[in-house]
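# Notes for the structure review
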Amino acid sequence: IIDEAQDFPKGFHMLAGYMRIWERCPSLMVLADENQQIGEDNSSIAEIASEIFQSLDFENPDKLYHHQLKSNFRNTRAIALVARQFYTHVGSEPPELPPESKMGDIPVLCDREKPAIFSTLVDWVVKIAKDSPTKKIGVVCDYTNFGASVPKVTEELKRRLPDRRVSHYMSGKGAKDL
């Protein structure tokens, strides 16, 4: 499996193509999106298709071995609408939006400069948890600024939501010190 193939240089795809031809790699899955490039030495979908699958026309996938996904399967419609604002229009049109039925909740952005951020956060999580008892809730925060408070917030959530599983995971420099 080559994931994020657009971030590998053309030479890598040439090698993968030879590995396929030489039957050293009989099964190969390549996932790429030109609109998600992180570096300068990227490959286009056309280059990937021509180097790895020399006989395939990426403009007209054969649907047996080569598929183009044009729908957003991973996100809710609300998240896809936000992501669409950052679409680069490189190589393809934006993916189709998920259906209205997959709208999901509108994400909440907390301002970390507010003095009562932790009590506000706990109140929001408790409200969401009580309003939607089957939902899983995730909170992401910057360890550098908030890591020391995570265990305290976790304990408060456990106290206020005794019937829910509450846990935390921390990573980053210094996270193991807590």
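These numbers come from a predicted model, not from an experiment. (Residues numbered from 1 in each chain as written. Predicted model: local features only at pLDDT ≥ 70, side-chain atom pairs only at ≥ 80, totals over all residues. Heavy atoms only, no water.)

When you line up the elements, T154 lands in helix α6 (residues 150–160). In this structure T154 comes out as buried when scored by relative accessible area, which is 7%. Apart from residues lying up to four places away in sequence, T154 is in contact with V166, S167 and H168. (Helix = DSSP H or I, 4+ residues; strand = E, 2+ residues; numbered from the N terminus. Buried < 20%, exposed > 50% of the residue type's maximum accessible area, 1.4 Å probe, protein only. Contact = heavy atoms within 4.5 Å.)

This brings us to the nonpolar core. Within the largest apolar cluster, 9 residues are counted, these being L121, V122, V125, V126, A129, V153, L157, L161 and V166. With 5 residues, helix α4 (residues 117–131) is the largest single contributor of residues to this core. If near-sequence neighbours (up to four positions away) are discounted, V166 is found in contact with T154, L157 and K158. (Core = buried A, V, L, I, M, F, W, Y, C linked by side-chain atoms within 4.5 Å.)

For helix α1 (residues 10–21), spanning 12 residues, the distance from its first C-alpha to its last is 17 Å, which sits close to the expected 16 Å at 1.5 Å a residue. Three or more residues of α1 are buried, namely H13, A16 and G17. Considered in projection along α1, the buried side chains sweep an arc of 105° and stay on one side of the axis. Looking at the packing, one finds that the buried side of α1 touches α2 (45–52). Phi turns positive one or two residues past the end of α1, at E23, with a value near 60°. (Expected span 1.5 Å × (residues − 1). Arc of directions from axis to C-beta.)

As a further point, take the packing of aromatic side chains. The final tally for this structure, using the stated rule, is 2 aromatic pairs. Relative to F12, the ring of F8 lies with its centre 4.5 Å away and its plane at 25°, an arrangement referred to as stacked. On the basis of relative accessibility, which here comes to 30%, the residue F8 falls in the partly exposed class. (Phe/Tyr/Trp six-rings, centres within 6.5 Å; stacked < 30°, edge-to-face > 60°.)

Right, let's talk about the environment of P98 for a bit. Tracing the chain through its elements places P98 in the loop between α3 (77–84) and α4. The spacing of P98 and R74 is 24 residues in sequence and 8.9 Å in space, taken between C-alpha atoms.

Any two packed helices are characterised by the angle at which their axes cross and by the distance between the axes. In the contact formed by α1 and α2, the axes pass within 7 Å of each other and the chain directions differ by 30°. The angle between α1 and α2 places the two elements in the roughly parallel class. You can see that α1 and α2 cross each other, and the crossing is right-handed. Where α1 approaches α2, its residues K10, H13, M14, A16, G17 and R20 are matched on the opposing element by E47, I48, E51 and I52. (Axes fitted to C-alpha atoms, helices over the stretch in contact; angles between N-to-C directions. Parallel < 35°, antiparallel > 145°, perpendicular 65-115°, else oblique. Left-handed = near helix turned anticlockwise from the far one by under 90°.)

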